[in-house]
Amino acid sequence: MEASRTSHINGKAENVHQPGYNSNGQVTANDCRGFSGKSIPRISTNGNSTNIVWHKCSVEKSDREELLQQRGCVIWITGLSGSGKSTLACALSRGLHARGKLTYILDGDNVRHGLNRDLSFGAEDRAENIRRIGEVAKLLADAGVICIASLISPYRKERDACRALLPEGDFIEVFMDVPLRVCEARDPKGLYKLARAGKIKGFTGIDDPYEPPLKSEIVLRQNQGLCDSPNDLADVVISYLDKNGYLKA
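Residues numbered from 1 in each chain as written. Predicted model: local features only at pLDDT ≥ 70, side-chain atom pairs only at ≥ 80, totals over all residues. Heavy atoms only, no water.

Caption draft 1: Spatial organisation of the overall build of the protein. For the protein, the helix and strand inventory stands at eight helices and nine strands. Across the protein, every contact between residues at least 6 apart in sequence was considered, and the portion connecting residues at least 24 apart equals 64%. (Helix = DSSP H or I, 4+ residues; strand = E, 2+ residues; numbered from the N terminus. Contact = heavy atoms within 4.5 Å.)

Caption draft 2: Fine view of the nonpolar core. Residues I75, I77, L88, L92, L220 and L241 are the most contacted members of the largest nonpolar core, which totals 22 residues. Listed by contribution, the elements that provide at least two residues to this core are β5 (73-78), α2 (85-98), β7 (146-150), β8 (171-177), β9 (218-221) and α8 (230-243). Once residues lying within four places of it in the same chain are set aside, the contact partners of L241 are I75, L96, I172, Y246 and L247. If you look at the next biggest cluster of nonpolar residues, it comprises 14 residues, including V111, A141, C147 and A149. (Core = buried A, V, L, I, M, F, W, Y, C linked by side-chain atoms within 4.5 Å. Buried < 20%, exposed > 50% of the residue type's maximum accessible area, 1.4 Å probe, protein only.)

Caption draft 3: Here's a closer look at the environment of P230. Positionally, P230 belongs in helix α8. Since its relative accessible area comes to 33%, P230 is described here as partly exposed. With near-sequence residues (within four places) excluded, P230 lies in contact with T87, L88 and A91.

Caption draft 4: Layout of the packing of α2 against α8. Two elements in contact, α2 and α8, have axes separated by 8 Å at closest approach and are oriented at 60°. Accordingly, the angle class assigned to the pair α2 and α8 is oblique. Like other packed secondary-structure pairs, α2 and α8 cross with a definite hand, here right-handed. Of α8, the residues touching α2 (which contributes T87, L88, A91, L92, R94, G95 and L96) are P230, N231, L233, A234, V237, I238 and L241. (Axes fitted to C-alpha atoms, helices over the stretch in contact; angles between N-to-C directions. Parallel < 35°, antiparallel > 145°, perpendicular 65-115°, else oblique. Left-handed = near helix turned anticlockwise from the far one by under 90°.)

Caption draft 5: Just α8, in detail. For α8, spanning 14 residues, the distance from its first C-alpha to its last is 20 Å, which sits close to the expected 20 Å at 1.5 Å a residue. All buried positions along α8 are accounted for by L233, A234, V237, I238 and L241. Looking down the long axis of α8, one finds its buried residues gathered within 140° of arc, a one-sided arrangement. Trailing α8 by a residue or two, G245 shows a phi angle of about 80°, which is positive. (Expected span 1.5 Å × (residues − 1). Arc of directions from axis to C-beta.)

Caption draft 6: Region of interest: the packing of aromatic side chains. Under the defined criterion, the tally for this structure stands at four aromatic pairs. Plain terms: the ring middles of F175 and Y210 are 6.1 Å apart, the flat faces sit at 20° to each other, and that makes the pair stacked. Of this pair, F175 sits in strand β8 while Y210 sits in the loop between α7 (191-196) and β9, and the two are 35 residues apart along the sequence. Take Y210: its relative accessible area is 16%, and that puts it in the buried class. In this structure, R71 packs its charged tip against the face of Y246, placed 4.1 Å from the ring centre. (Phe/Tyr/Trp six-rings, centres within 6.5 Å; stacked < 30°, edge-to-face > 60°. Lys NZ or Arg CZ within 6 Å of the ring centre and 35° of its normal.)

Caption draft 7: Just the environment of I75, in detail. Mapped onto the fold, I75 is located in strand β5. Since its relative accessible area comes to 0%, I75 is described here as buried. Distance from I75 to V237, taken between C-alpha atoms, is 9.0 Å for residues 162 residues apart in sequence. Residue contacts for I75: discarding those within four places in its chain leaves L92, I146, C147, I148, A149, I172, V174, V237 and L241.

Caption draft 8: Broad picture of helix α4 (residues 123-142). Compared with an ideal rise of 1.5 Å per residue, which puts 20 residues at 28 Å, α4 spans 29 Å between its outermost C-alpha atoms and is within 8% of the ideal. Residues R126, N129, I130, R132, I133, G134, A137 and A141 constitute the buried set of α4. Taken together, the buried residues of α4 touch α1 (61-68), β5, β6 (103-107), α3 (108-111), β7 and α5 (156-164). Just downstream of α4 lies G144, where phi reads positive at about 95°.

Caption draft 9: Quick peek at the pairing of strand β4 (residues 49-52). Looking at chain direction, strand β3 (residues 44-46) and β4 are connected through two bridges and run antiparallel. Bridge pairing in β4 links S44 to I52. The turn linking β3 back onto β4 is made up of two residues, and G47 within it adopts a positive phi angle of 65°. (Pairing = 2+ DSSP bridges.)

Caption draft 10: The arrangement of the pattern of salt bridges in detail. Following the criterion strictly, the structure yields 15 salt bridges and no others. Among the ionic pairs, D109 bridges to K189, the shortest N-O distance being 2.8 Å. Here the residue D109 occupies a position in helix α3, and K189 occupies one in the loop between α6 (180-186) and α7, the gap between them amounting to 80 residues. On the basis of relative accessible area, D109 is assigned to the partly exposed category, the value being 36%. (Salt bridge = Lys/Arg side-chain N within 4 Å of Asp/Glu carboxyl O.)

As structure tokens, then:
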């Protein structure tokens, strides 16, 4: 809408038409040269959030992927503590970076230093920890980034819920299939020792279960009792990405 405003030029009052103003000089909501105001948006409720509207932008995921020359996705690395998840995540990030691909790691411990520092290791908080990481990973994938999420995530239900957040094919589950005895022998953080001594309760693999994936896209096992190097394991994942078209737009 165009309305008149009074402007004084050379001592004379003149009416000046400006878009988006009414006769009282107030900004109006309609037709502000690109700012929508004519249509009524669909207001929805999601969880505890009410009266919210999804605002769609003309720059979409495919545009960002074209810019980055890669497909945004989530590589979800799961396994027992000490199975090598974080080490693999770093090796994978380095390998992809060397190929000119943009990645970001969401490490279970690292995220608890900031976003999830308010959460404990109780059952409900552990579930919320995974849910939040899943939602952040979804945003990064939508940005066109290859997001590497590295955390124990012991329950299939919670991992499947994170998978369901993304379009088909955008969630790649990598299972570090390393036996408990090997992980406990490594014990890089000394957590198994504390759990065995009863100083840590609800520790996955000791007094809390781990549900191994049933249909992971990638399973990394020990080769005849020998441990492949992190770079070798990362190459397996990179080969999968390359073969399935994730490393190009």
